[in-house]
Amino acid sequence: MAALAVARRAAARKCARGLASEVRTVPMIIDGKKQASQGTTFFDVHNPATGDLIARTPQCTPAELKLAANSAAEAFRSWRTTPPSSRARVMHKLEGAIRDNTDAIAKTLTEEQGKTIADAKGDIFRGLEVVEMSCGIPSMLQGETLANVANSVDVHSYRVPLGVCAGIAPFNFPAMIPLWMFPPAVTAGNTYVMKPSERVPLSSIMLAELAMDCGLPPGVLNVVHGAHDTVNFLCDNEHIRAVSFVGGNAAGAHIYERAGRNGKRAQCNLGAKNHAIILPDADPVSVVNQLVGASCGAAGQRCMAISVAIFVGKSQELIPKIAEEAAKLKVGPGNDPATDVGPLISAQAKSRVEQLIQSGVDEGAKLHLDGRQPAVPAANKDGYFVGPTIFSQVKRGMQIYDQEIFGPVLACVEASSFDEAIKFINDNPFGNGTAVFTRSGAAARKFVDEIEAGQVGVNVPIPVPLPMFSFTGNKKSILGDLNFYGKAGVNFYTQLKTVTSAWRDDGHIEKLSTAGVGAV
């Protein structure tokens, strides 16, 4: 607790220093225009590499939130009837615009979130892939037809948009997650109210501006800001028909329950504890390199990070080598091309990860590499840095195993058999992703068949599906039965309309066929 108090005091001092000078306030986007909020409560946006205050995110007022929802509802009246091919052309233009502006977006993303420029560009590119997928959505809206289900009766069905939808994005992927949300939704004919994380709103504003520049009409995509009050508004407002969320389990459970209580669809991607099994026959070089990257990349702040590695038999001999390679990673500011591991998002996150590392030591795990207080440049001494950290002899019940750390920490577990390792994973309540490293096709097949996680990698540590598929976490890693992007994502943002038609009046047809005969 003392460490957390120190972190909070440091954050307060930085806030005071920043407010002494001019700091930009993040605008809303409503009805096609950037607008300054009249709100009086603000959330500070810090550069995680320096601790400097770079912007303030407003808590939008109730009137502003209502204006955004009303604007989207009004825009839906015409956008829903815009030809699907015309909506897809906007996505084609947006795809090109994002490519052309990747460097600028990545620079902003690194400044507000801290990840390296390489990771920032990866963040953008994985979102760009969903924009590409969205260009093909018109074909996914096609329905089915069956003629003569009864005498002169035909039935056809097709997908139609829901109306106004909303997205609530997390801090760890400021570009990718918003691009998981609004491009499929608006291409399917919906309008959208986007709430980026109040910690990292700047990238989302840039993406929304690009979308409008590429032809999204006013009101089709609105961007609002805030924390709990904004989230509750999106779950309650009568115009909003569906809510998408990525983030923690407590917030996700609240959103899922509240949105559902108000008759809305909800899809919520939640927390994770992703395991990899290393079998004795696995390629040692590949295992070491991939586990270091999968656990420490993006500073461990991703829901598909490998945070637990289970070593079967003699494969545990690789653990010291993993620590040795992880120690070579350079910790520093994300805008330095030589940096491998950037800062965590906040002083509070840094303090929490450091406390979890200490708990691992206190609870009996073996610490091979301690990432606390890494060496960083003097200009970054107030940044929120934790370096790669490697534990072995980790057991259930230890905090470093039971909690989602969200930092560059790898917990290594030893198992005597493949079956024991599989059971260890399946006993965990989360089911986002998992991986196995082996040269045996039979072992890989057994793993794929028996493992309960929703996204499975074979010699691939972070098996995030490309957007022609869907993001398919399961167990406590998701609430809702329709996943993000791909066909499941389109189904989430649309509903089926089925039309049954009967035309049996043969006498009327005869009259029409002879109408006008003999007329002068």
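Predicted model, so just to flag it, every value in this text is computed and none were measured.

The rules behind each value
In this numbering scheme, every chain counts its residues from 1 along its sequence in written order. Thresholds applied to this predicted model are a pLDDT of at least 70 for local features of residues and 80 or more for the giving and counting of side-chain atom pairs; totals over whole chains, interfaces and linings are not thresholded and use all residues. The side-chain numbers reported here are obtained from all heavy atoms of the structure, hydrogens and water having been left aside. Helix numbering and strand numbering both begin at the N terminus, where a helix is a DSSP run of H or I of at least 4 residues and a strand a DSSP run of E of at least 2. For every residue, the accessible area obtained with a 1.4 Å probe (protein chains only) is divided by the maximum for its type, and the residue is called buried under 20%, exposed over 50%, and partly exposed between those limits. Any two residues whose heavy atoms approach within 4.5 Å at even a single point are treated as in contact. A pair of strands is treated as paired once DSSP finds two or more bridges between them. Helix axes use the C-alpha atoms of the stretch in contact, all axes being lines fitted to C-alpha atoms, and the angles between their N-to-C directions lie in the range 0 to 180 degrees. Salt bridges are defined as contacts in which a side-chain nitrogen from Lys or Arg sits within 4 Å of a carboxyl oxygen from Asp or Glu.

K.L.:
Hey, could you run me through the environment of Ser 392 in this one?
P.N.:
Locating Ser 392 in the fold gives a position in strand S16 (residues 389–392). With relative accessibility at 4%, the residue Ser 392 sits in the buried group. Considered as a pair, Ser 392 and Pro 461 are 69 residues apart in the sequence and their alpha carbons are 19 Å apart. Filtering out sequence-adjacent residues up to four positions away, Ser 392 remains in contact with Ile 319, Ala 365, Lys 366, His 368, Cys 412 and Glu 414.

K.L.:
Which parts of the structure should I look at to understand the sheet that holds strand S6 (residues 144–150)?
P.N.:
Two pairing modes exist for strands in a sheet, parallel and antiparallel, and in both the strands are linked by backbone hydrogen bonds. As summarised here, the arrangement of the three strands in space is S6-S7-S23, forming an open sheet in which the pairing is antiparallel. Edge strands, defined here as strands with exactly one partner in the open sheet, are S6 and strand S23 (494–502). Each strand axis lies, on average, 25° off the axis of its neighbour in the sheet, ignoring direction. Across nine bridges, the pairing between strand S7 (residues 153–161) and S23 is antiparallel. Bridging across to S23, Ser 157 finds its partner in Thr 498.

K.L.:
Can you walk me through the pattern of salt bridges in this structure?
P.N.:
Pairs can form between side chains of opposite charge once their charged atoms are near each other. As enumerated under the stated definition, the model contains 24 salt bridges in all. Of the charged contacts, one joins Lys 34 and Glu 209 as a salt bridge, the two residues approaching to 3.3 Å between their closest N and O atoms. Remark: Glu 209 occurs in helix H8 (residues 202–213) and Lys 34 occurs in strand S3 (residues 33–35); sequence separation between them is 175 residues. Of the charged contacts in the structure, one is a salt bridge between Lys 328 and Glu 325, with a shortest N-O distance of 2.9 Å. Three or more residues are tied together by salt bridges with common partners; here these are Lys 321, Glu 324, Glu 325 and Lys 328.

K.L.:
Would you mind going over the sheet that holds strand S13 (residues 274–278) with me for this structure?
P.N.:
Read from one edge of the open sheet, seven strands run S15-S16-S17-S14-S13-S19-S20, paired in mixed fashion. Single-partner strands in this sheet number two, and they are strand S15 (366–369) and strand S20 (455–458). The average undirected angle you get between the axes of adjacent strands in this sheet is 20°. Bridge count for strand S19 (residues 433–437) against S20 is four bridges, and the pairing is parallel. Each residue of the ladder has a partner; that of Thr 434, found in S20, is Val 456. Most of the contacts of helix H11 (residues 284–296) go to strand S14 (residues 306–312), to which it runs at about 150°, and overall it touches S13, S14, strand S17 (409–415) and S19. Set on the sheet, helix H16 (residues 441–450) makes contact with S13, S19 and S20; between it and S20 the angle comes to about 175°.

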